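Survey of secondary and tertiary structure
As a plain string of letters, each chain reads:
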Amino acid sequence: MLRTRENRSAALILGLMLLIAASSAFADNPPAATVKDLNEQTVMALAWMQNAAEYRELCYQAYNLAQMIVDKAIATKKVGDKPLAVIADVDETLFDNSAYDAGFIGKDEGYSGKTWTQWEIAAQALAMPGATDFLNSIAKKGVEVFYVTNRDQAGFEGTIKNMKTLGFPFADSKHLLVSTGVSDKQPRFDLVSKDYSVAVYMGDNAGDLPIGSYHKNQKDRNALVDQNKDKFGTQFVVLPNPDYGDWEGALADGYFGLTPQGRSEARKAPLRTWSAVAGQ
Ligand SMILES: [Mg+2]
């Protein structure tokens, strides 16, 4: 049937009305955030960690500071003192695992224990800038490194292999203390400090330091850090990790049980904002 000019105009108007109705419905009820959307929110953090000169600067700064603390501990060590040690977390403290998370960008899939174990077994983490030199420098001075990580037994062999590939010292079962079902690191810290004088604790997560932050909410975590402020740069050395960490889970109660939409809202809700007044 030949469509008349009038028919075409009516169809056009109807189409326009439907489009307006749809866009207004979209504004009122935007589609719920997906895991893919959450992954998209990590792009800037990962781009920074993988590319920014400033990220490298912070890594070097952290290892140089740790080296100075260790050197001071060596210089002031007395006969009869316990041997010196460093306790360091592994992931994003010495290992760069950013390729694992970057691999989820554009996909509707995020971290899982299954794929993380595959990543550990693949043993393809890179050393963070300066990590290998720092570890070997203190090893040469007779200071042992204990790697206290919440990687678990399933990834143990892969982690040892990865450490050896990267040239890390003390890549053995005495020094790599993985999680055995307890992710609070304090019992493993206690185990090491029974026999060693720990010169410095290093980590990218408050839980990597003996300040009692395990399973604490955001307010308490920040308060604990404030209470220990004199130890940062003297006993504790922290590496930057804007991609993930216990800080994320502390954004809201039960954060990791929330839907992607809930997590997206929890990420945005605490932001302090400012807007210029229009027209001024
Ligand atoms: Mg870590």
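You'll find the structure just up there.
Residues numbered from 1 in each chain as written. Predicted model: local features only at pLDDT ≥ 70, side-chain atom pairs only at ≥ 80, totals over all residues. Heavy atoms only, no water.

1. Some remarks on the overall build of the protein
Which entries qualify depends on this criterion: Counting from the N terminus, the helices are the DSSP runs of H or I reaching at least four residues and the strands are the DSSP runs of E reaching at least two. Radius of gyration here is computed from C-alpha atoms only, and the compact-globule reference equals 2.2 Å multiplied by the residue count raised to the power 0.38. We call a residue buried when its accessible area falls under 20% of the maximum for its residue type, exposed when it is over 50%, and partly exposed in between, using a 1.4 Å probe and counting protein chains only. Only heavy atoms enter the contact rule, under which two residues are in contact if any of them lie within 4.5 Å. Using the Shrake-Rupley algorithm and a 1.4 Å probe, accessible areas are obtained, with residue cover drawn only from the displayed protein chains.
A count of helical and extended segments in the protein gives 12 helices and seven strands. At 25 Å, the protein has a C-alpha radius of gyration far larger than the 19 Å of a compact globule built from 280 residues. Taken over the C-alpha atoms alone, the protein extends approximately 100 × 45 × 35 Å along its principal axes. Out of the 280 residues belonging to the protein, those deemed buried represent 39%. Pairs at least 24 apart in sequence give 75% of the contacts found in the protein among residues at least 6 apart. Of the roughly 16,400 Å² of accessible surface on the protein, a fraction of 57% belongs to carbon and sulfur atoms.

2. Re the coordination of the magnesium ion
Formally: The rule for donors is simple: an N, O or S atom within 2.8 Å of the metal counts, and for Na, K and Ca the reach is 3.2 Å. Water is not among the atoms, so a site may look short of donors.
Every protein donor of the magnesium ion is accounted for by D89 (OD), D91 (O) and D204 (OD), and the metal-donor separations fall at 2.1 Å. Each donor residue of the magnesium ion belongs to the same chain, and together they define the spacing D-x1-D-x112-D. A residue pair is termed long-range when its members are at least 10 positions apart, and D91 in the loop between β1 (84-88) and β2 (95-96) and D204 in the loop between β6 (197-203) and α10 (218-227) qualify at 113 residues. Judged on exposure class, the residue D91 and its partner D204 are both buried.

3. Comments concerning the nonpolar core
For clarity, the cut-off: Within this scheme, the nonpolar core is defined by two criteria: the residues are buried Ala, Val, Leu, Ile, Met, Phe, Trp, Tyr or Cys, and they are joined through side-chain atoms within 4.5 Å.
Counting 42 residues, the largest nonpolar core has Y63, L94, Y147, F168, L176 and M202 as its most contacted members. Among the elements of the structure, α4 (53-76), β1, α6 (113-122), α7 (131-140), β4 (144-152), α8 (156-165), β5 (176-179) and β6 are those that each provide at least two residues to this core. Looking at which element gives the most residues to this core, the answer is α4, with eight residues. I87, L177, Y201 and L209 belong to the second largest nonpolar core, which has 15 residues in total.

4. A short note on the layout of surface pockets
A probe matching the size of a water molecule, rolled over the atoms, marks out where space remains unfilled. Note the cut-off: A pocket, in this scheme, is an open set of points on a 1 Å grid over the protein atoms alone with protein on both sides within 12 Å along at least 5 of 7 lines, while a cavity is a set where a 1.4 Å probe fits but cannot get out; residues line either one if an atom lies within 4 Å of a point. Grid points are joined across faces, edges and corners, and a volume is the space filled by probe spheres set on the points. Residue polarity follows a fixed list, in which Ala, Val, Leu, Ile, Met, Phe, Trp, Tyr, Cys and Pro are nonpolar, Asp, Glu, Lys and Arg are charged, and the others, Gly among them, are polar.
Approximately 350 Å³ is the volume attributed to the second largest pocket. Where the lining of the second largest pocket is concerned, the elements lending two or more residues are α4, α10 and β7 (236-238). Broken down by element, the lining of the second largest pocket gets its largest block of residues, four residues, from α4. Per-class residue counts for the lining of the second largest pocket are 13 nonpolar, four polar and two charged.

5. Section: the sheet that holds β7
As a reminder, the rule being used: The rule for pairing is simple: two strands pair if DSSP sees at least two bridges between them. Lines are fitted to the C-alpha atoms to define the axes, a helix being fitted only along its stretch in contact, and any angle between axes, read from their N-to-C directions, falls within 0 to 180 degrees.
With respect to topology, five strands assemble into an open sheet ordered β5-β4-β1-β6-β7, the strand pairing being parallel. Looking at the sheet topology across the chains shown, the edges are occupied by β5 and β7. The sheet shows a mean angle of 20° between the axes of neighbouring strands, taken without regard to direction. Taken strand by strand, helix α9 (residues 186-195) contacts β1, β4, β5 and β6, and its axis lies near 160° from that of β4.

6. Brief notes about the side chain of R188
What counts here: When charges are tallied, Lys and Arg are placed among the positive residues and Asp and Glu among the negative ones, while His and the ends of the chain are skipped. Note on definitions: salt bridges are taken to be side-chain nitrogens of Lys or Arg within 4 Å of carboxyl oxygens of Asp or Glu. Throughout this description, a polar contact denotes any pair of N or O atoms lying within 3.5 Å of each other; where both atoms belong to protein, one of them has to be capable of donating a hydrogen while the other can accept it, and for residues adjacent in sequence the pair is counted only when both atoms sit in side chains.
Tracing the backbone through its elements, the reader meets R188 in helix α9. The charged side chain of R188 is buried without a salt bridge, its nearest counter-charge being D184 at 7.1 Å. Of the polar contacts made by the side chain of R188, one reaches the backbone oxygen of L177; its length is 3.0 Å.

7. Some points on the pairing of β5
Applied cut-off: Whether a crossover is right-handed depends on one test, that the path from the first strand over the helix to the second runs clockwise when the strands point away from the viewer.
Here three bridges tie β4 to β5, and the two strands are oriented parallel to one another. For V148, the partnering residue across the bridge sits in β5 and is L177. Handedness of the crossover joining β4 and β5 through α8 is recorded here as right-handed.

8. Points about the pairing of β6
Counting buried residues in β6 gives six out of seven residues, a clear majority hidden from the surface. Pairing of β1 with β6 involves five bridges; the strand directions are parallel. Along β6, the bridge assignment pairs A88 with M202. Sheet analysis places β6 next to β7, joined by three bridges and oriented parallel.

9. Observations concerning helix α3 (residues 43-51)
Under the convention used in this document: In this context, the arc is that of the directions from the helix axis out to the C-beta atoms.
Here α3 has its buried residues at A45, L46 and M49. For α3, the angular spread of the buried residues around the axis is 90°, confining them to a single face. Exposed side chains of α3 directed beyond 90 degrees from the buried face belong to M44 and N51. Looking at the buried residues of α3, the elements they touch are α4 and α5 (98-102).

10. Some remarks on the pattern of salt bridges
Inspection of every chain in the model, using the stated rule, returns seven salt bridges. A salt bridge links D89 to K185, with the shortest nitrogen-to-oxygen separation between them at 3.0 Å. Placement of the pair is D89 in the loop between β1 and β2 and K185 in the loop between β5 and α9, with a sequence separation of 96 residues. The pair D89 / K185 is uniform in exposure class, with both members buried. A salt bridge links R267 to E248, with the shortest nitrogen-to-oxygen separation between them at 3.0 Å. In this pair, R267 is assigned in helix α12 (residues 260-268) and E248 in helix α11 (residues 246-249), connecting sequence segments 19 residues apart.

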